[in-house]
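# Inside the fold
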Amino acid sequence: MSEDQSRSVSRRAVLGWGGAGIALGAVTAGGAVAAVGSGPDQAGARMGGAVEFHGVHQAGIATPVQDRLHFAAFDVKTDDRAEFVRMLKEWTAAARRMTAGKEVGEGAYGGLPEAPPDDTGEALGLKPSRLTLTIGFGPSLFEKFGLRDKRPAALVDLPPFPGDSLDPSRSGGDLCIQACADDPQVAVHAVRNLARIGFGRVAVRWSQLGFGKTSSTTPDSQTPRNLFGFKDGTRNIAGTDTDRLKKFVWVGDGDVGPHDAWMRGGSYLVARRIRMNIETWDRTPLQEQEDIFGRDKAEGAPVGKAKEHDEPFLKAMKPTAHVRLAHPDSNGGITILRRGYSFTDGTDGLGRLDAGLFFLAYQRDPRRGFIPLQRRLAASDALNEYIQHVGSAIFAIPPGVRDAHDWWGRTLLSEEA
């Protein structure tokens, strides 16, 4: 189908203007390689280039981490499976266009004056800004549409951890959308338009804006710092390290059975909203701060070493040091891919900033990744005095959209698949 043909059928059809809803726009299918390349200073990235939407895996996981985040969790409101599938197809068509820097449907203006436009318009004139959109399915979705038998064994409900103070209004969700971009308005525009398209079928449960990436998937870039001022994610999996991605991130043939084979090529996401008590931290002596992390603040070097990427000598750190407790050598080799962001959401009403880390961790199986790792950290990490987990969610991230005829969730919801 041509682009002109795709624009001739719009969301207005859902409102009764004829047709069958948003059509799948024509975008050339490709692999999982980003159009901007994988380096931190690629010309395409500087120019706000586009990341390829199609691929074996969804973009936004191993993709070089963008500067901004808008994450949203949704509750499904319809009990009509066909209507839900129709919405996912419409979402896919919109995501395909927005990640390419195009307007949704017939655009923000120029259509029928009696109907709302297909695009909200706040991204007009802006570049794609490496926008990626990543969808996930929460455990509660599998209680709907007759999907209970297709819930993957690895999609477990997260257990309670010591110190958790979870807010139900900031936790859970049937679906999630992770929008990452180098322009915050591009990311917000993407989530806003998907929420608009889904109106009446899904509703936003909670959302989170993030800035200042706290982890990098690009090995030769500068390691970002978190709001405590320390470098974060020094040993993160690189997006170019296909062997480690295969070992720790992507769901493989040996991880699935007949009921959850639809997850092959996908991953699992744990999202945690972590409040940082920054006022208390800011009054903590520097030496104590460095002892808590197990790295120096200036260079990010592990205790007793000179450079950030020097191999750490864990026994030189305090037994409660964060790096020592989180290191794969202390956890039977557990490794996760991190895509965290800092956040500030005003104040807590007591004169303190509501600020912290929105932690995003991708892994092959949370039962062998986040869960045992967090149990260890929650029990004895010295950093716990200064942080608190206040929001939590887990999602199954399906494989990528293969081509212009594919759609989000097809492997799960299509009977043919």
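Treat the numbers as computed from the prediction; the structure is a model and nothing was measured. (Residues numbered from 1 in each chain as written. Predicted model: local features only at pLDDT ≥ 70, side-chain atom pairs only at ≥ 80, totals over all residues. Heavy atoms only, no water.)

This brings us to the confidence of the model for the protein. With 88% of its residues at a pLDDT of 70 or more, the protein shows a mean pLDDT of 89. In the predicted structure, residues 1–45 sits below a pLDDT of 50 and forms 110 contacts with residues beyond four places in sequence or in another chain. (pLDDT = per-residue confidence, 0-100. Contact = heavy atoms within 4.5 Å.)

What follows deals with helix H7 (residues 286–293). Residues of H7 that are buried include every one of Gln289, Glu290, Ile292 and Phe293, and no others. Down the axis, H7 shows its buried residues gathered within 155 degrees of arc, on one side only. On its buried side, H7 packs onto helix H6 (278–282) and helix H8 (322–326). One or two positions beyond H7, positive phi appears at Gly294, with a value near 90 degrees. (Buried < 20%, exposed > 50% of the residue type's maximum accessible area, 1.4 Å probe, protein only. Helix = DSSP H or I, 4+ residues; strand = E, 2+ residues; numbered from the N terminus. Arc of directions from axis to C-beta.)

Where helix H3 (residues 81–99) meets helix H4 (residues 184–197), the closest approach of the two axes is 10 Å, and the angle between their N-to-C directions is 155 degrees. Classed by the angle they form, the pair H3 and H4 counts as roughly antiparallel. Seen from above, H3 lies across H4 with right-handed handedness. Contact residues: Glu90, Trp91, Ala94 and Met98 in H3; His189, Ala190, Asn193, Leu194 and Ile197 in H4. Among the residues forming the contact of H3 with H4, the class breakdown is six nonpolar, two polar and one charged. (Axes fitted to C-alpha atoms, helices over the stretch in contact; angles between N-to-C directions. Parallel < 35°, antiparallel > 145°, perpendicular 65-115°, else oblique. Left-handed = near helix turned anticlockwise from the far one by under 90°. Nonpolar A, V, L, I, M, F, W, Y, C, P; charged D, E, K, R; others polar.)

A few words on the nonpolar core. In this structure, Trp91, Leu133, Leu175 and Trp408 are the most contacted members of the largest nonpolar core, which totals 73 residues. Of the residues forming this core, the biggest block, eight residues, is contributed by H3. When sequence neighbours within four positions are dropped, the list of residues in contact with Leu133 reads Phe53, Gln58, Ala59, Ala95, Met98, Thr99, Ile177, Gln178, Ala179, Ala190, Leu194 and Trp408. (Core = buried A, V, L, I, M, F, W, Y, C linked by side-chain atoms within 4.5 Å.)

Here we come to the environment of Asp241. As for its position among the elements, Asp241 is in the loop between strand S4 (202–213) and helix H5 (242–248). When the C-alpha positions of Asp241 and Ala62 are compared, they lie 9.1 Å apart, and in sequence the two are 179 residues distant.

Glancing now at the side chain of Thr335. Position of Thr335 relative to the elements: it lies in the loop between H8 and strand S6 (337–338). The exposure class of Thr335 is buried, given its relative accessible area of 11%. A polar contact of 3.0 Å, which involves the side chain of Thr335, links it to the backbone oxygen of Gly333. Apart from the residues lying within four places of it in its own chain, the contact partners of Thr335 are Ile237, Arg244, Phe248 and Pro328. (Polar contact = N/O pair within 3.5 Å; in protein donor to acceptor, adjacent residues only side chain to side chain.)

Before going further, it helps to spend a moment on the pairing of strand S7 (residues 341–347). The sheet contact formed by S4 and S7 spans two bridges and is antiparallel. Bridging across to S7, Phe211 finds its partner in Ser342. Pairing between S7 and strand S8 (residues 353–363): five bridges, direction antiparallel. If you follow Ser342 over to S8, its bridge partner there is Leu357. The hairpin formed by S7 and S8 contains five residues between the paired strands, and Gly349 there has a positive phi angle of roughly 85 degrees. (Pairing = 2+ DSSP bridges.)

All chains considered together, the criterion is met by 24 salt bridges. The salt bridge involving Arg192 is made with Glu122; its shortest N-O contact spans 3.2 Å. With Arg192 in helix H4 and Glu122 in the loop between H3 and strand S2 (132–137), this residue pair connects regions lying 70 residues apart in the sequence. Where Lys231 meets Glu308, a salt bridge forms, and the shortest distance between an N and an O atom there is 3.3 Å. Pair noted here: Lys231 is in the loop between S4 and H5 and Glu308 is in the loop between H7 and H8, with a separation of 77 residues, a long-range link. For Glu308, a relative accessible area of 6% puts it in the buried group. Each of Arg273, Arg275, Asp345, Asp348, Arg352 and Asp354 takes part in one network of salt bridges that share partners. (Salt bridge = Lys/Arg side-chain N within 4 Å of Asp/Glu carboxyl O.)

A positive phi angle is found at Ser129, which is not glycine, with a value near 55 degrees. As for its placement among the helices and strands, Ser129 is situated in the loop between H3 and S2. Backbone geometry places Phe145, a non-glycine residue, at a positive phi of 60 degrees. Here Phe145 is to be found in the loop between S2 and strand S3 (175–181).

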